[in-house]
Amino acid sequence: MSSTLFSPIELRGLNLPNRIVVSPMCQYCVENGVVGDWHRVHLGMLANSGAGLLIVEATAVTAQGRISPGCVGLYNDETEAGFASVLKTVRAVGRAHLGIQLGHAGRKGSTAAPWVGRGAVAKADGGWDVVGPSPIPFMADWLVPQQLDRAGMDDIRAAFVSAAQRAARLGFEFLELHSAHGYLLSSFVSPLSNRRGDDYGGSRENRMRFPLEVAAAVREVWPSDRPMSVRINGTDWVDGGWTPEDAVVYAAALKGLGVDIVTVSSGGIDPAQQVPVKPGYQVPIAAKVRTEAKIPTITVGMITAPRQAESIVAGGDADMVALARGMLFNPRWGLHAAAALGVQVDYPPQYQRATPETWPPAKDSIAG
Ligand SMILES: Cc1cc2nc3c(=O)[nH]c(=O)nc-3n(C[C@H](O)[C@H](O)[C@H](O)COP(=O)(O)O)c2cc1C
């Protein structure tokens, strides 16, 4: 069968064999931002999922920009060396092209891992001061961010640049800026978290200014033959918040700076959000951004079935699909999707005795 999902896509100098992306997923389990054994195995496994592109989790550009004390960073020689070692293994065993998501948690930093409750971590327990566009906490009992001044914004922009240079040195082929889910860059663009009275608050143009400055500075140092993406919010799902129309304007501005593709996600800005979670619930916003801003999109969120993924890209709603939980649940998702869609794909030679062609019961084992 001919499949759009399993057709190649070219982004600048990167040729991906299919349209499947492993979405970035925080693991909350490293010390001092340095990846080690967990990531060696976790990323090594996902690099053989059958997805063409594997994007490493939100990676903080400063220690203060980590979400939790266990989050990964790329802000000094130790964090860079940790990646160099892990990537050597991942490249030796896996086939996916490797991308990295760079981010800063902003006012949602210094929080606990989900399995210990996500609340604010006090300084006495290894937490730190957090920063944001305005001194408004995400929740009443979370840390109140210090309002960033121009010098603080300059430091963070420089940290993004330096992390991008480290990522380029590490040989990542794709870079995504995290400007979604209420973390620093998305908290600047949303009127719910940005109440500034200067050039960086008020109008949409002003609220977008700092994130666009960061994107421009990163694009300048990220190698011109490697693609860059930005994960944006398609909506805050709160009245008076960021809307799909805002997302179109933001995506068009990012495109103008040389951003090649945007991942359209949503939410995480305000606990009052009402998210209509259902299969593919963010696809219509990705489609709107793709059509109106005329930029390629990655859609994400509640995409689980191979035929669902195929129809999204074949129907032109998005150029690529990203899966997060579906890949944790089934780290061979891409290979199984190929079998379900009747497409023959390369397996690692070590696994070739278990392909649907060499071992017909393979299909029964995923059919339920
Ligand atoms: C364990 C876990 C960690 C996540 N970490 C990140 C992250 O680092 N960066 C990000 O942009 N989204 C993150 N997300 C959101 C996912 O990338 C994805 O957008 C979301 O889970 C919806 O997709 P799904 O329905 O396929 O899981 C995370 C989700 C999960 C389940």
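It should be noted that the structure appears before, not after, this text.
Residues numbered from 1 in each chain as written. Predicted model: local features only at pLDDT ≥ 70, side-chain atom pairs only at ≥ 80, totals over all residues. Heavy atoms only, no water.

With that settled, the discussion passes to the pairing of strand E5 (residues 97-103). Counting buried residues in E5 gives 6 out of 7 residues, a clear majority hidden from the surface. Two strands pair when backbone bridges link them, and strand E4 (residues 53-60) and E5 are joined in this way by 7 bridges, in the parallel orientation. Residue pairing for E5: Thr59 is matched across the bridge by Leu102. Read from E4 through helix H2 (residues 77-93) to E5, the crossover connection turns out right-handed. (Buried < 20%, exposed > 50% of the residue type's maximum accessible area, 1.4 Å probe, protein only. Helix = DSSP H or I, 4+ residues; strand = E, 2+ residues; numbered from the N terminus. Pairing = 2+ DSSP bridges. Right-handed = clockwise from strand over helix to strand, strands pointing away.)

Two elements in contact, helix H5 (residues 204-221) and helix H6 (residues 244-256), have axes separated by 11 Å at closest approach and are oriented at 40°. Helix-helix and strand crossings are classified by hand; for H5 and H6 the assignment is right-handed. Contacts from Arg204, Met208, Pro211, Leu212 and Ala215 of H5 reach H6 at Glu245, Asp246, Val249, Tyr250, Ala253 and Leu254. By residue class, the composition of the contact of H5 with H6 is 8 nonpolar, no polar and 3 charged. (Axes fitted to C-alpha atoms, helices over the stretch in contact; angles between N-to-C directions. Left-handed = near helix turned anticlockwise from the far one by under 90°. Contact = heavy atoms within 4.5 Å. Nonpolar A, V, L, I, M, F, W, Y, C, P; charged D, E, K, R; others polar.)

In this model, the largest pocket occupies a volume close to 1100 Å³. What lines the largest pocket is a set of 41 residues, among which Arg118, His181, Arg231, Ala324 and Arg325 lie closest to the centre. Of all the secondary structure elements, the ones that give two or more residues to the lining of the largest pocket are strand E12 (320-323) and helix H9 (325-329). Its residues assigned to classes, the lining of the largest pocket shows 22 nonpolar, 15 polar and 4 charged. Size it by volume and the second largest pocket reaches roughly 280 Å³. (1 Å grid on protein atoms, 1.4 Å probe; cavity = no way out; pocket = protein on both sides within 12 Å on 5 of 7 lines; lining within 4 Å. Points joined across faces, edges and corners; volume = space filled by probe spheres on them.)

Our focus in this paragraph is the site of the ligand. Surveying the vicinity of the ligand reveals 16 residues, the closest of which are Ser23, Cys26, Gln101, Met302 and Arg325. Ser23 has a polar side-chain atom sitting 2.8 Å from an oxygen atom of the ligand. Here an oxygen atom of the ligand and a side-chain polar atom of Arg231 are 2.9 Å apart. Taking 610 Å² as the accessible area of the ligand by itself, protein coverage stands at 82%. Of all the cavities here, the one that holds the ligand is the largest pocket. (Near = heavy atom within 4 Å. Polar contact = N/O pair within 3.5 Å; in protein donor to acceptor, adjacent residues only side chain to side chain. Areas by Shrake-Rupley, 256 points an atom, 1.4 Å probe, with all protein chains shown as cover. Sits in = over half its atoms within 2 Å of the grid points.)

Turning next to the packing of aromatic side chains. Overall, the coordinates contain 5 aromatic pairs when judged by the stated rule. On the numbers, 5.0 Å between centres and 50° between planes, the contact of Phe188 with Phe210 is tilted. Remark: Phe210 occurs in helix H5 and Phe188 occurs in helix H4 (residues 184-189); sequence separation between them is 22 residues. Assigned by exposure class, Phe188 and Phe210 land together as buried. Sitting above the plane of the Trp128 ring, Arg66 keeps its charged end 4.7 Å from the centroid. Taking the ring centre of Phe138 as reference, the NZ or CZ of Lys108 above it sits at 4.4 Å. (Phe/Tyr/Trp six-rings, centres within 6.5 Å; stacked < 30°, edge-to-face > 60°. Lys NZ or Arg CZ within 6 Å of the ring centre and 35° of its normal.)

The full count for this structure, using the stated rule, is 4 cavities of 30 Å³ or more. The calculated volume of the largest cavity comes to roughly 70 Å³. Lining the largest cavity are 13 residues, and of these Ala58, Ala60, Gly65, Ile67 and Gly103 sit closest to its centre. Counting residues per element, the lining of the largest cavity draws most heavily on E4, at 3 residues. Taken together, the residues that form the lining of the largest cavity break down as 7 nonpolar, 5 polar and 1 charged.

Residue placement: Ser193 occurs in the loop between H4 and H5. Using a relative accessible area of 1% as the deciding quantity, one classes Ser193 as buried. One polar contact links the side chain of Ser193 to the main-chain carbonyl oxygen of Ser187, over a distance of 2.9 Å. Non-local contacts of Ser193, meaning those with residues more than four positions away in its chain, are made with Arg107, Pro133, Ser134, Ile136, Ser186, Ser187 and Ile269.

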